[in-house]
Amino acid sequence: MVVKAEGAGDAPRRVTIFGSTGSVGTQTVDLIARDPERFPVEALTANRNVALLAEQARQLRPKLAVVADPAAYADLKEALAGTGVEAAAGPQAVAEAAERPSDWVMAAIVGAAGLEPTLAAVRRGACVAFANKEVLVCAGALMMEEVRRHGANLLPVDSEHSAIYQVFDFDRLDSVQRLILTASGGPFRTRDRAFMAAATREQAVAHPTWEMGAKISIDSATMMNKGLEIIEAHFLFGVPEEKIDVLVHPQSVVHSLVEYVDGSVLAQLGTPDMRTPIAYALGWPARIPTPAERLDLVKAATLTFEAPDPERFPALRLARAALQSGGGAPTILSAANEVAVQAFLDRRIGFLDIERIVEGVLGTLPHRPLRDLSAVRDTDAEARRVAADRVAALAR
Ligand SMILES: NC(=O)c1ccc[n+]([C@@H]2O[C@H](COP(=O)([O-])OP(=O)(O)OC[C@H]3O[C@@H](n4cnc5c(N)ncnc54)[C@H](OP(=O)(O)O)[C@@H]3O)[C@@H](O)[C@H]2O)c1
């Protein structure tokens, strides 16, 4: 479980951003660029979007810019010529960037590719703003053990977990009755299974309230995103699966709630703008201003809530079953989901094939205990192989 500790107040904070070219990454850059004296930049990383990474590097003047894809190195070096910003490439270089001295690290890579850099930042006791939920899903117990051992701080960036963090009583765990994660319901909230079976990539990425990267947008459409968030909340707050509920709330204004044993329910609210939870982590424990639209409850007028429908969205059940099963089951769930979502984005399989593949891989592979990181890597790789075979069998 994450423990609230003293932070740096409003002193300058040296920052590194993993996944700076993505949706969370660009919004983090937006906030940092508003106060460059307070937030000097050590390193920025991307996968292969050289043009945007170089533009960010010219603006923020980090010491280092890294692309994970080695094939993008020559372009990055050329794009940074004359800036004095060092260029590097490859997954190893991304992980090494995490070892460099910065006070605050934004973990905003998508998928299990973020495991090594997040771990490297944790192991040097950094303050890690944590968006990359797949890392906790694939290696939650081991990651939290490393957080404790190295005295690192994990500050949740997912809006739901940021909300819980802000109203969670870390000193009186016994007083927490349950966590309630809100979910927008995604673009198919009111659609039937026949509609989903024929859904296109364009329909599935069109999220009603949040603008996000492609993978998390598809996860929102299947509601696997909420399943991953149940697992993330379990590891972050040390609350068992049966005490974590999901509530569909289409307006995305109430970002999540904590119910206490006396019947009190505490929530955090705001307009749906990721810069608010990012700023909470960036300034923590101080609060910093953001340009996010203010919440006007009179204008919002009606906030509605519904129970989730596990029949139409079986991903919720799959994620709960994986968490209950424990060991490598969440690792298998997340790896198979990553492969299936990419195949859907590549238009190789249908929308409902995503859940079929995840359920099939979870049912095929043994859920072995994960004793160390090499067991995590092996389980992840095996699940990806089996999922890829299933994609090939289903591909159009
Ligand atoms: N977007 C949101 O509003 C939101 C909200 C809550 C949580 N999250 C979580 O935050 C994480 C990032 O989401 P996102 O929406 O920002 O994703 P995104 O827009 O797809 O951005 C992903 C970032 O990771 C980089 N990347 C991709 N593959 C990589 C690899 N193999 N190695 C190193 N870097 C790699 C990308 O670089 P390129 O640009 O070069 O491809 C990009 O900078 C996800 O885990 C997501 O679940 C996102």
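Because the structure is a prediction, the values reported are computed rather than measured. (Residues numbered from 1 in each chain as written. Predicted model: local features only at pLDDT ≥ 70, side-chain atom pairs only at ≥ 80, totals over all residues. Heavy atoms only, no water.)

**Details of the sheet that holds strand β9 (residues 244–248)**
Thinking step 1. Taking strand neighbours across the sheet as the criterion, the four strands line up as β9-β8-β10-β11 in an open arrangement whose pairing is mixed. Pairing within the sheet leaves two strands with one partner each, and these edge strands are β9 and β11 (265–269). Strand after strand, the sheet turns through a mean of 20° between neighbouring axes, direction not considered.
Thinking step 2. By the bridge criterion, four bridges tie strand β8 (residues 176–183) to strand β10 (residues 254–260) in an arrangement that is antiparallel. From the neighbouring strand, I180 faces β10, where its bridge partner is L257. (Pairing = 2+ DSSP bridges. Helix = DSSP H or I, 4+ residues; strand = E, 2+ residues; numbered from the N terminus. Axes fitted to C-alpha atoms, helices over the stretch in contact; angles between N-to-C directions.)

**Considering the packing of helix α11 (residues 224–237) against helix α15 (residues 329–345)**
Thinking step 1. Where α11 meets α15, the closest approach of the two axes is 12 Å, and the angle between their N-to-C directions is 150°. Considering the angle they form, α11 stands roughly antiparallel to α15. Here the hand of the crossing between α11 and α15 comes out left-handed. Across the interface between the two elements, M224, L228 and I231 of α11 pack against P330, L333, S334 and N337 of α15.
Thinking step 2. Class assignment of the residues belonging to the contact of α11 with α15 gives a composition of five nonpolar, two polar and no charged. (Parallel < 35°, antiparallel > 145°, perpendicular 65-115°, else oblique. Left-handed = near helix turned anticlockwise from the far one by under 90°. Contact = heavy atoms within 4.5 Å. Nonpolar A, V, L, I, M, F, W, Y, C, P; charged D, E, K, R; others polar.)

**Notes on the site of the ligand**
Thinking step 1. In the vicinity of the ligand lie 24 residues, with T21, S23, R48, N49 and E134 positioned nearest.
Thinking step 2. For the ligand, an oxygen atom lies 2.6 Å from a polar atom in the side chain of T21.
Thinking step 3. In this structure, an oxygen atom belonging to the ligand sits 3.4 Å away from a main-chain N or O atom of A131.
Thinking step 4. Here the ligand has 900 Å² of accessible area as a free molecule, and 85% of this is covered by the chains.
Thinking step 5. The set of elements that each furnish at least two residues to the shell around the ligand consists of α1 (23–33) and α6 (133–150).
Thinking step 6. Split into classes, the residues belonging to the shell around the ligand amount to eleven nonpolar, nine polar and four charged. (Near = heavy atom within 4 Å. Polar contact = N/O pair within 3.5 Å; in protein donor to acceptor, adjacent residues only side chain to side chain. Areas by Shrake-Rupley, 256 points an atom, 1.4 Å probe, with all protein chains shown as cover.)

**What to know about the environment of Y280**
Thinking step 1. Tracing the sequence through the fold places Y280 in helix α12 (residues 275–283).
Thinking step 2. The class for Y280 is buried, based on a relative accessible area of 11%.
Thinking step 3. When the C-alpha atoms of Y280 and L155 are compared, they prove to be 8.8 Å apart, with 125 residues separating the residues in sequence. (Buried < 20%, exposed > 50% of the residue type's maximum accessible area, 1.4 Å probe, protein only.)

**Brief notes about the packing of α11 against helix α14 (residues 315–325)**
Thinking step 1. It is at 7 Å that the axes of α11 and α14 come closest, and there the two elements cross at 25°. Compared by their axis directions, α11 and α14 come out roughly parallel. The hand of the α11/α14 crossing is right-handed. In this structure, α11 contributes M224, K226, G227, L228, I230, I231 and H234 to the contact, and α14 contributes A315, L316, A319, R320 and L323.
Thinking step 2. A per-class count over the contact of α11 with α14 returns eight nonpolar, two polar and two charged.

**What about the pairing of strand β3 (residues 64–67)?**
Thinking step 1. Where burial is concerned, the two faces of β3 agree: the one with L64 and V66 and the one with A65 and V67 are both buried.
Thinking step 2. Crossover strand β2 (residues 41–46) to β3 through helix α2 (residues 50–60) is right-handed.
Thinking step 3. Judged from the four bridges that link them, β3 and strand β4 (residues 86–89) form a sheet pairing that is parallel. Its bridge partner being in β4, L64 is matched across the sheet by E86.
Thinking step 4. Each parallel crossover has a hand, and for β3 linked through helix α3 (residues 73–79) to β4 it is right-handed. (Right-handed = clockwise from strand over helix to strand, strands pointing away.)

**Regarding the UniProt feature "binding site: NADPH" (unreviewed entry) in the protein chain**
Thinking step 1. With numbering matched to this structure, UniProt assigns "binding site: NADPH" (unreviewed entry) to T21, G22, S23, V24, R48, N49, N132, E134 and G213.
Thinking step 2. In this fold, T21 is placed in the loop between β1 (15–18) and α1.
Thinking step 3. Leaving out residues up to four positions away in the same chain, T21 has contacts with T26, T45, A46, N49, L52, L53 and Q56.
Thinking step 4. Take N49: it is sitting in the loop between β2 and α2.
Thinking step 5. Residue N49 is classed as partly exposed on the basis of its relative accessible area, which comes to 34%. (UniProt positions renumbered as here; feature names shortened; annotations may be inferred.)

**Here we look at the layout of surface pockets**
Thinking step 1. By volume, the second largest pocket amounts to about 310 Å³.
Thinking step 2. Around the second largest pocket, the lining is made up of 21 residues, and of these Q268, T276, R287, I288 and T290 lie nearest the centre.
Thinking step 3. Listed by contribution, the elements that provide at least two residues to the lining of the second largest pocket are α7 (159–167), β11 and α12.
Thinking step 4. For the lining of the second largest pocket, the class distribution of residues is nine nonpolar, nine polar and three charged. (1 Å grid on protein atoms, 1.4 Å probe; cavity = no way out; pocket = protein on both sides within 12 Å on 5 of 7 lines; lining within 4 Å. Points joined across faces, edges and corners; volume = space filled by probe spheres on them.)

**Comments concerning helix α17 (residues 373–394)**
Thinking step 1. Under the 1.5 Å per step criterion, the end-to-end length of α17 is 31 Å for 22 residues, consistent within 8% with the ideal 32 Å.
Thinking step 2. For α17, the secondary structure elements touched by its buried residues are α5 (115–123), α6, α15 and α16 (351–364). (Expected span 1.5 Å × (residues − 1).)

**Examining the pattern of salt bridges**
Side-chain pairs of opposite charge can arise whenever the charged atoms involved come near each other.
Thinking step 1. Under the criterion given, the structure shown has 33 salt bridges.
Thinking step 2. Its salt-bridge partner being R189, residue E306 comes within 2.5 Å of it at the nearest N-O pair. Note that E306 is positioned in the loop between α13 (297–300) and α14 and R189 in the loop between β8 and α8 (193–197), a separation of 117 residues in sequence.
Thinking step 3. Between E293 and K299 there is a salt bridge, and its shortest N-O distance comes to 3.3 Å.
Thinking step 4. The class of E293 is exposed, set by a relative accessible area of 52%.
Thinking step 5. Note on K299: relative accessible area 61%, which makes it exposed.
Thinking step 6. Several salt bridges converge on common partners, so that one network encompasses R14, E42, K63, E86 and R100. (Salt bridge = Lys/Arg side-chain N within 4 Å of Asp/Glu carboxyl O.)

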